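# Breakdown of the fold
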Amino acid sequence: MTGEASAIVLSRQDLREVTAFAAMCAEAVLGTFEADQPDDSRPRDAVEAAWAFARGGERGKALRDTASAALKAAKGTNTTAAREAAWAAMSAAAAAYLHPLAKATQVKHILGAGAHAARAAELVAEDDRSVGARHLEHVVRRATPTAVDVLKRFPAAPAGGGRVGELIRVLDTDLRALAFTR
């Protein structure tokens, strides 16, 4: 049938590595959310659930629920930076649900946490885009060979998505350029 995406083979370990990568990205900006909403643990809970899955835990309803809760937490923020930080946490928990379809939109499951975190960092720095660029450089340096290998199985990130979409595409390009020796 025309228009259907082909399947990509993803092991449970691939999903764990992608989720660990996303959790690392989101963890860096949890403080931005917590400074805005000190009594709301939902984004931190989502990142902790992502780490638990990455370290061998189950990929079940509890993980999905923490992603949903972080998304709801974003709606109650006072600043756009805090909202982006909550979205990064939601993206970290959602990374475990990367679909094995060769669609460019799936790249957001891999890189969304990093892009939202970079955007949060920019906004904290009064929309200084050089801060976002430095944040992405740090993310690229910490990427694992497996996370990059999984990314390279998918088409390049899609157009659109505003500033976060731009950050996803920068991160996508930079990670695809990495070459790891085995």
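Here, the structure is the one placed above.
Residues numbered from 1 in each chain as written. Predicted model: local features only at pLDDT ≥ 70, side-chain atom pairs only at ≥ 80, totals over all residues. Heavy atoms only, no water.

### Observations concerning the overall build of the protein chain
- Counting secondary structure elements, the protein chain contains nine helices and zero strands.
- Walking the protein chain from its N terminus toward its C terminus, one meets helices and strands in the order α-α-α-α-α-α-α-α-α.
- Taken along the three principal axes of its C-alpha coordinates, the protein chain extends 45 × 35 × 35 Å.
- A buried classification covers 49% of the 182 residues belonging to the protein chain.
- In the protein chain, once contacts between residues fewer than 6 apart in sequence are set aside, the share between residues at least 24 apart is 76%.
- Carbon and sulfur atoms form 52% of the exposed surface of the protein chain, whose accessible area is close to 8700 Å². (Helix = DSSP H or I, 4+ residues; strand = E, 2+ residues; numbered from the N terminus. Buried < 20%, exposed > 50% of the residue type's maximum accessible area, 1.4 Å probe, protein only. Contact = heavy atoms within 4.5 Å. Areas by Shrake-Rupley, 256 points an atom, 1.4 Å probe, with all protein chains shown as cover.)

### Structural notes on helix α8 (residues 145-152)
- Those residues of α8 that fall on the buried side of the exposure criterion are A147, V148, V150 and L151. Taken end-on, α8 shows its buried residues confined to a sector of 160 degrees, consistent with a single buried face. (Arc of directions from axis to C-beta.)

### Here's the deal with the pattern of salt bridges
- For the structure shown, the criterion picks out eleven salt bridges.
- Put simply, R44 and E34 hold a salt bridge, and the shortest N to O gap is 2.6 Å. Here R44 is found in helix α3 (residues 42-54), whereas its partner E34 is found in helix α2 (residues 30-36), with ten residues between them in sequence.
- The partly exposed category is assigned to E34, whose relative accessible area is 23%. (Salt bridge = Lys/Arg side-chain N within 4 Å of Asp/Glu carboxyl O.)

### What to know about the packing of aromatic side chains
- Per the counting criterion, the structure on display carries zero aromatic pairs.
- Its end group placed over the ring of F53, R16 keeps NZ or CZ at 4.7 Å from the ring centre. (Phe/Tyr/Trp six-rings, centres within 6.5 Å; stacked < 30°, edge-to-face > 60°. Lys NZ or Arg CZ within 6 Å of the ring centre and 35° of its normal.)

### Structural notes on the layout of surface pockets
- In this structure, the largest pocket spans a volume of roughly 220 Å³.
- Along its surface, the largest pocket is lined by 15 residues, and K108, G112, H116, V164 and I168 are the ones closest to its centre.
- Contributing elements (two or more residues each) for the lining of the largest pocket: α5 (80-94), α6 (107-124) and α9 (162-176).
- Classifying every residue of the lining of the largest pocket gives six nonpolar, seven polar and two charged. (1 Å grid on protein atoms, 1.4 Å probe; cavity = no way out; pocket = protein on both sides within 12 Å on 5 of 7 lines; lining within 4 Å. Points joined across faces, edges and corners; volume = space filled by probe spheres on them. Nonpolar A, V, L, I, M, F, W, Y, C, P; charged D, E, K, R; others polar.)

### Focus on the side chain of E122
- As for its position among the elements, E122 is in helix α6.
- If sequence neighbours within four positions are ignored, E122 has contacts with D127, D128, R129, V131, G132, R163 and L167.

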